[in-house]
Amino acid sequence: MQVKKTLFWLQSGGCSGDTLSILNMDDPDLFSQFQSMGIDVLWHPSLSILSPKEQDQQIDDILNDRVHMSYFCLEGNVATGPDGTGMFDTYRGKPKKELIQALAEKADYVIAIGTCATFGGIGSYEIDDMGGVGLQFHHNNQGGYLGADFRSVKNYPVINLSGCPIHPKALELTLNLIVRDLPLELDELNRPKIYYGISVHNGCTRNVSHEYKLEDTKFGEDGCLFFNLGCKGPTTRASCNKYLWNEQSSKTRAGVPCFGCTRPDFPMPKPFFETEKIAGTPIELPEGVDRAQYLAYKDLAAAAAPEGLRKLHNEKHKK
Ligand code: SF4
């Protein structure tokens, strides 16, 4: 018999977008997912009906080991501001960061939901008094709120499911492994490779245009969005073009450049829909390529673009 697992979901410095995203899970839906995995939701702000008093009691039970918590999910960053007090985000008059720390220490697995909880996200740049940090990272730097050495009861670091918002598949794939206590392989940013092991570029329907450097210069065309319109697909790890959003589409399929929402530096304080360039070539290139070789190869590939494809692109470009 499968042992019942329990999940506690807390919201902190965020916009609830991750909750909206997982509520859109539809094949199967969120409730069927939890049911089939044997997960009992102790608390979720959009799904639970406990009164404030009952919720206080539940938290007290968890913190005093009367109720077991298998998964502690945090949505939103940990607010440490203003001036380190944490009073930007409170729970019953106390800084919520204290509750976050106490709950994290009790969980079998701690899961950071979305880019704010993983890397800080919106509210994590110095211009913001909120002092938002990720649970175990601040942007690229390990540490975050809980510190680099933090390990959950099952000896895992915080499992980072970045995304603004999270893709429902990232949560589903992760839970499916950990409910069975199967090993979860993580990347250097503690994200499950099962979802974050490939880039948004993988599976993009515009790959053939990228290959032959058929570039878009304005929205509504069907070339590659990397060279002018700021697409970060090749530098952003996520399976958006493998597992489509709402089983239907992705940003790049809809003609919108990937703006890198799973990256630790998101939201970059730069224009989203513009490619930063040096001497006419993008500053950021696909992960792992040699700059000089890539640029030489791209020029050759552009010259070698099949006539039919180039003609089609040029015709659309003129419109
Ligand atoms: S639009 Fe973006 S993801 Fe698609 S091929 Fe171009 S660079 Fe890659």
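As a convention, each chain's residues are numbered from 1 in the sequence order in which they are written. Thresholds applied to this predicted model are a pLDDT of at least 70 for local features of residues and 80 or more for the giving and counting of side-chain atom pairs; totals over whole chains, interfaces and linings are not thresholded and use all residues.

Participant: Help me understand the overall build of the protein, please; the structure alone is not making it clear to me.
Facilitator: Strands here are runs of E lasting at least two residues and helices are runs of H or I lasting at least four, both read from the DSSP assignment and numbered beginning at the N terminus. The helix and strand tally for the protein stands at 10 helices and 13 strands. For 319 residues, the compact-globule formula gives about 20 Å, and the C-alpha radius of gyration of the protein, at 22 Å, lands near that figure. Considering only C-alpha atoms, the protein reaches an extent of 70 × 50 × 35 Å along its principal axes. Per-residue burial over the protein gives 39% buried out of 319 residues. Our radius of gyration is a C-alpha quantity, and the globule rule it is checked against amounts to 2.2 Å times the number of residues to the power 0.38. Field definition: a residue is buried when 20 or more other C-beta atoms are found within 10 Å of its C-beta, exposed when 12 or fewer are, and partly exposed for counts in between, with C-beta atoms placed from the backbone.

Participant: In this structure, what is going on with the domain arrangement of the protein? I would like to understand it.
Facilitator: Domain delimitation follows an automatic or database domain assignment. According to the domain assignment, the protein contains domain 1 (5-195) and domain 2 (207-318). Each of domain 1 and domain 2 was reduced to a C-alpha centroid, and the two centroids are 32 Å apart. What counts as a contact is two residues whose backbone-derived C-beta atoms lie within 7 Å of each other. At the interface, 18 residues of domain 1 touch 14 residues of domain 2. Under the scheme applied here, ten amino acids are nonpolar (Ala, Val, Leu, Ile, Met, Phe, Trp, Tyr, Cys and Pro), four are charged (Asp, Glu, Lys and Arg), and all others, including Gly, are polar. Among the residues forming the side of domain 1 that touches domain 2, the class breakdown is 7 nonpolar, 8 polar and 3 charged.

Participant: Help me understand the environment of Lys 5 in this model?
Facilitator: Here Lys 5 lies in strand 1 (residues 5-11). The exposure class assigned to Lys 5 is partly exposed, which follows from the 19 C-beta atoms found within 10 Å. Each C-alpha atom of the pair Lys 5 and Gly 93 lies 30 Å from the other, and the pair is 88 residues apart in sequence.

Participant: How do you make sense of the pairing of strand 1 when you look at a structure like this?
Facilitator: Within a regular strand, the side chains alternate between the two sheet faces. For strand 1, a buried count of 5 out of 7 residues is recorded, marking the element as mostly surrounded by other parts of the structure. Note that strand 1 and strand 3 (residues 71-75) share 5 bridges and pair parallel. Residue Phe 8 lies in a different strand from strand 3, and its bridge partner there is Phe 72. A strand pair is defined by DSSP finding two or more bridges across the two strands.

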